[in-house]
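In case you want the letters, here they are:
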Amino acid sequence: MKIRLGRQRFWLDPWRFEIWPELLGQLPADMEAVNAKELATKYLDLEMDELGRLANNEELYGLFGVEQVKTDNSYKIRGVKFINNGQLVQEALDLVVAYQEADEREWLTLLAEQVLKYSPRMRAITLVMLEDNPLEFEQGWFSSTYNRTSLKYQGELFYPFNRDHEEKNLNDLLEVLGYKALGPWWLEEIGEPVTDLEWRGSRGENPSLSGVGKLRSPLELFLYLEWLEKYDDQTYYLNQKQFKQDLSLDLLSELTGASPVKDELELLKGLVEENIDFRGYFPVYQVGKKLHSKLDVEEEKDKWIERFFKTKLADNQIRIIEHQSGQPRHGRGLYGKREYQLLKVEFLD
């Protein structure tokens, strides 16, 4: 099967991570737009240039999903699937809610996870770095010679931001990784077994290397989340601890090949430890939201959080030592009471 990769597009300013949630937040839940131009004119009141292009709003292209090219039964990946089959997907709605609630780490993590699920190029770089292989810049982080940045994998050097076909570039790395770079998320969307995977360009034989430096945008996001760790001016490793701490269990287990941890109490312990203040209190709603996300629970969030803590208390797995009211940013309290926004608990296992 042929998988076509055109030019990779993210947010234009590498540090303006809010562009996509802001754009998605302007769209109605029942919208229908099958391409970026239709999206721009129908819902965002954006104008085209004289050639009919979205020259100054290129980030719109990266929001879309996959389309089948019927002439050769190939599939063209256009973006990271916040909009698919003309409509907003659930991940887009979740991102907007987290962004509007000003839960920065939550919405930034959701944004990064979407990229990791649906950008084969970023998956390729991340999969290599998960094996403790660093990004090696020739001079410094995205300096003028960033095209000489290298990744070593299986004893060979690859230059992921290099457009020179004489070097081993990102296309070569995609070939080596194959299905791992494509990932199961696109396979599920395509809905048919992918055999004899062939990477192609949107029109040509090879995936486009035009604008490959735009991968800086998600890498800046990873750096901001502290998923990347600076060793020296030229060398950046994946911060395995922070990366694994933030990622949802299903995505983490898929990327690492490890069995997902399903011990809810152990996860709760870890999240309490991460969010506890100097007095020993943690915000029950904020911890509950993170647990809800990590366990990939489909039940409505507020109801699930309430039921989860009540069950753990009833089963004598935790005991509330003290409780206090918090600030509006701490969210809903247990039992819907303000004086239970902050808890100090004891684990009884």
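Higher on the page you've got the structure.
The text that follows walks through the structure, step by step, so that each part is easy to find. Please read all numbers here as calculations on a predicted model, not as lab measurements. (Residues numbered from 1 in each chain as written. Predicted model: local features only at pLDDT ≥ 70, side-chain atom pairs only at ≥ 80, totals over all residues. Heavy atoms only, no water.)

Examining the pairing of strand 14 (residues 342-347)
For a regular strand, side chains alternate in direction, first toward one face of the sheet and then toward the other. Across two bridges, the pairing between strand 12 (residues 282-283) and strand 14 is antiparallel. Its bridge partner being in strand 14, Pro283 is matched across the sheet by Leu342. Pairing between strand 13 (residues 318-324) and strand 14: six bridges, direction antiparallel. Bridge pairing links Arg319 to Glu346 in strand 14. (Pairing = 2+ DSSP bridges. Helix = DSSP H or I, 4+ residues; strand = E, 2+ residues; numbered from the N terminus.)

Remarks on the layout of surface pockets
Computed from the structure, the largest pocket encloses a volume of approximately 880 Å³. Along the walls of the largest pocket sit 29 residues, with Gln90, Glu91, Asp94, Leu110 and Asp296 positioned nearest its centre. Secondary-structure elements contributing two or more residues to the lining of the largest pocket are helix 3 (90-100), helix 4 (104-118), helix 8 (184-190) and helix 13 (284-294). Classifying every residue of the lining of the largest pocket by side-chain character gives eight nonpolar, five polar and 16 charged. (1 Å grid on protein atoms, 1.4 Å probe; cavity = no way out; pocket = protein on both sides within 12 Å on 5 of 7 lines; lining within 4 Å. Points joined across faces, edges and corners; volume = space filled by probe spheres on them. Nonpolar A, V, L, I, M, F, W, Y, C, P; charged D, E, K, R; others polar.)

Let's talk about the pairing of strand 11 (residues 235-238)
Pairing geometry for strand 6 (residues 135-136) and strand 11, over two bridges, is antiparallel. If you follow Glu136 over to strand 11, its bridge partner there is Thr235. Examined bridge by bridge, strand 10 (residues 228-230) and strand 11 share three bridges and lie antiparallel to one another. Counterpart to Lys230 in the pairing with strand 11 is Tyr236.

Focus on empty space enclosed by the protein
Taken as a whole, this structure holds two cavities of 30 Å³ or more when the rule is applied. By volume, the largest cavity amounts to about 70 Å³. For the largest cavity, the full set of lining residues is Leu5, Gly6, Arg7, Gln8, Ile77, Arg78, Gly79, Val80, Tyr118, Ser119, Pro120 and Arg121. Its residues placed into classes, the lining of the largest cavity shows five nonpolar, four polar and three charged. Lining the second largest cavity are Val284, Tyr285, Asp302, Ile305, Glu306, Arg332, Gly333 and Leu334. Breaking the lining of the second largest cavity down by element, the ones donating at least two residues are helix 13 and helix 14 (301-314). In terms of residue count, the dominant contributor to the lining of the second largest cavity is helix 14 (three residues). Each residue belonging to the lining of the second largest cavity can be placed in one class, and the counts come to four nonpolar, one polar and three charged.

A closer look at the sheet that holds strand 14
On the basis of which strands lie adjacent, the open sheet formed by three strands has the order 12-14-13 and antiparallel pairing. Taken across any chain shown, the strands that pair with only one partner, and hence form the sheet edges, are strand 12 and strand 13. Along the sheet face, helix 12 (residues 264-275) touches strand 12, strand 13 and strand 14 and points at about 130° away from the line of strand 14. Its contacts with the sheet put helix 14 on strand 12 and strand 13, and the angle it makes with strand 13 is roughly 125°. (Contact = heavy atoms within 4.5 Å. Axes fitted to C-alpha atoms, helices over the stretch in contact; angles between N-to-C directions.)

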